[in-house]
Amino acid sequence: MQKMTNIISRKNFSSYILIAYFFMLPFEYPLATSFGSLLRYIAILYIPFVFIDIVRNQQERVRFDSTQLLLLLWMFYGFVSFFWAPDDKGYWQHYYLIYLKNSMMLFLVSFINYKSKEYELIKSASILGVVCIGLYIIFIPSATMYDSYEGRLLLRAGDSDFDPNYLVATFILPMAICVERFFTSLKNNKVKAAIYLVILIMLTWISLLTGSRGGILGITAMLTVSILLQVKDLRKTLSILAITTILFILLPYILETLPQTIQARFSIDSMTGQRDGGAARLLIWSYLIELISKYPIFGVGAGSTIPALKEIGFTLGAVAHNTYLALLVEYGFIGFIIFSIYLYKNTKVIRKERKGFELAALAGILVSITFLDAFTTKFFWGMLIFLTIRKNMVSEKSIKSEVKSNG
C-alpha cells in the first residue's frame, strides 16, 4: 500500500521539461539563432530528466511494449535505407537525423507514466504557447510581413519567414484543447469558456490571414470531430447548434474582410489546383506517384525525396507537400505499414474511449499533413507525444482505487 501511495504522490521531473517544450513549440523558428532552435536544447535537456524519473520510479514496471518495438523498427528501417538511397547521401543524412531526433524523444516519453495533473499542465502550456505567439503576431509589427505575391501573412523567422502552413498546423493541437475546455467550462464557468472562445477566434483569424488552405481544412476537421464528440449532451448540443448557426450567418461577412488575394486562395479554382501554387503541388504529387510505382516495396530511402525527384526530371527542388506520399516514396510500403500500425496501436485508448481532444486534434493534423511534409516538424511529433502520454498515463483515480482495494 505504501508503494502505491508513493506512486500517486511522486512527480516526474521530466514533465517540467515537456511543459517548457510545448510552450516554446510555436517559437521554434521565430526565436532560432545561428546556434539553432531553443526547442532543440530543451529536447536535449529532456534526456537526463527521463533517466532520473526512470530511476526514481523503478518500483513501477518499466514499460516496453509492441508500440515501442514498432517505433524502433521504423527507425532502424530508415537507417538501413542508407544502402539503397540515391548516390547523394547528404539528403539521407540530413533528413534521417531529424527523423531520428524526433522519434528518439518520442521513444523516451513512452517510458514515463505521467500523472493526470502533469498532463493538464502540459496541455495548458501548449495553449499558452500559441496564445503568446498570437499576441506576438498581433501586437509586434516587426514580427510579421506579407508576401508580395498573394499578400499572405508570414511570421518572420530570422532573415526568412516561417512557412504559414506549418504555423497554422501548429495551432491545431492547442485549439483542440481549447475546444474541449470551452465545452467543459460552459456549464460552470462561463468566463473561462469565453476566454477559450476568444483564443479560438484569434487563432482562426490569424490562420485565415495566412491563406493556408490545408491548415484551414485541418482546423475544420478538428472542429467537426470535436463537435461530434460533444453531441451526447443535450445542453452542449443546443449550444453547438446556436454557435454553428451564428458562424454560418457571419461567415460571408468574415470572408469579405480578408484581402482579395487571400479570398482567391479559397476559391474552387484555387482549391482544385487550376491556378496559383496548387497546380505545382499537383504536378509534384504526380511525380511522387510515379516514384512509388518504381520503388513500391522498399522506397528510395529516408529523406531522399528531393534527389529522387531529380532523378526522374523534376528540377524545381521542391518537397513532397504530402506526408503520406513522402512516407511511401521514402520508406516504401514496408515502412508505411510499420508506421501505420504504430500509429494505430498508439491511438488505442482514444479510439476506445471516443472522447477527449486527442481524437479531434489527430483528425485535424492527419488532414493538414495531406498538404505538408510533417516528419521534419515538431507539431507532428508533438501530437504523437500527446498520444503516447495519454496511452501510458497512470490515472490517479485508478491508483487510489487500487490502494483502497489493497487497504
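My aim in this report is to walk through the structure given alongside it, one point at a time. Being a predicted model, the structure only gives us computed values, none of them experimental.

### Description of the environment of leucine 153
Logical step 1: Looking at the secondary structure, you find leucine 153 in strand 2 (residues 153–157).
Logical step 2: Note: C-alpha distance between leucine 153 and leucine 209 (56 residues apart in sequence) is 5.6 Å.
Logical step 3: Beyond its immediate stretch of four places on either side in the chain, leucine 153 contacts Ile137, Thr144, Met145, Tyr146, Pro164, Ile206, Leu209 and Thr210.

### A word on the pairing of strand 2
Logical step 1: With respect to burial, strand 2 is a largely interior element, four of its five residues being buried.
Logical step 2: Sheet topology places strand 1 (residues 144–146) next to strand 2; three bridges connect them, and they run antiparallel. If you follow tyrosine 146 over to strand 2, its bridge partner there is leucine 153.
Logical step 3: A loop of six residues connects strand 1 with strand 2, the two strands running antiparallel in sequence, and glycine 151 in this loop sits at a positive phi of about 70 degrees.

### Examining the packing of helix 7 (residues 164–185) against helix 9 (residues 213–230)
Logical step 1: Their axes nearest at 10 Å, the elements helix 7 and helix 9 cross at an angle of 20 degrees. As far as their axial angle goes, helix 9 and helix 7 are roughly parallel. Crossing geometry of helix 7 relative to helix 9 is assigned as right-handed. Contact with helix 7, carried on its side by Val168, Ile172, Met175, Ala176, Val179 and Phe183, involves Gly215, Ile216, Gly218, Ile219, Met222, Leu223, Ser226 and Gln230 of helix 9 and no other residues of that element.
Logical step 2: Across the contact of helix 7 with helix 9, the residue classes tally to 10 nonpolar, four polar and no charged.

### What to know about the packing of aromatic side chains
Two aromatic rings are characterised by how far apart their centres lie and by the angle between their planes.
Logical step 1: Counted according to the given criterion, the structure contains 30 aromatic pairs.
Logical step 2: For the ring pair tyrosine 21 and phenylalanine 22, a centre distance of 5.4 Å and an interplane angle of 80 degrees mean the geometry is edge-to-face. Pair check on accessibility: tyrosine 21 and phenylalanine 22 agree, each one buried.
Logical step 3: Relative to tyrosine 96, the ring of phenylalanine 79 has its centre 6.4 Å away and its plane inclined at 50 degrees; by these criteria the two rings are tilted. Taken together, the residues phenylalanine 79 in helix 4 (residues 66–80) and tyrosine 96 in helix 5 (residues 89–109) connect sequence positions 17 residues apart.
Logical step 4: A relative accessible area of 6% means that tyrosine 96 is categorised as buried.
Logical step 5: Three or more aromatic residues joined by ring pairs form one cluster here, namely Trp74, Tyr77, Trp84, Tyr99, Phe298, Tyr331, Phe339, Tyr342, Phe375, Phe380 and Trp381.
Logical step 6: The ring of phenylalanine 82 carries the charged tip of lysine 89 above its face, separated from the ring centre by 4.7 Å.
Logical step 7: The ring of tyrosine 344 carries arginine 351 above its face, with NZ or CZ at 3.7 Å from the centroid.

About the criteria used
Residues numbered from 1 in each chain as written. Predicted model: local features only at pLDDT ≥ 70, side-chain atom pairs only at ≥ 80, totals over all residues. Heavy atoms only, no water. Helix = DSSP H or I, 4+ residues; strand = E, 2+ residues; numbered from the N terminus. Contact = heavy atoms within 4.5 Å. Buried < 20%, exposed > 50% of the residue type's maximum accessible area, 1.4 Å probe, protein only. Pairing = 2+ DSSP bridges. Axes fitted to C-alpha atoms, helices over the stretch in contact; angles between N-to-C directions. Parallel < 35°, antiparallel > 145°, perpendicular 65-115°, else oblique. Left-handed = near helix turned anticlockwise from the far one by under 90°. Nonpolar A, V, L, I, M, F, W, Y, C, P; charged D, E, K, R; others polar. Phe/Tyr/Trp six-rings, centres within 6.5 Å; stacked < 30°, edge-to-face > 60°. Lys NZ or Arg CZ within 6 Å of the ring centre and 35° of its normal.

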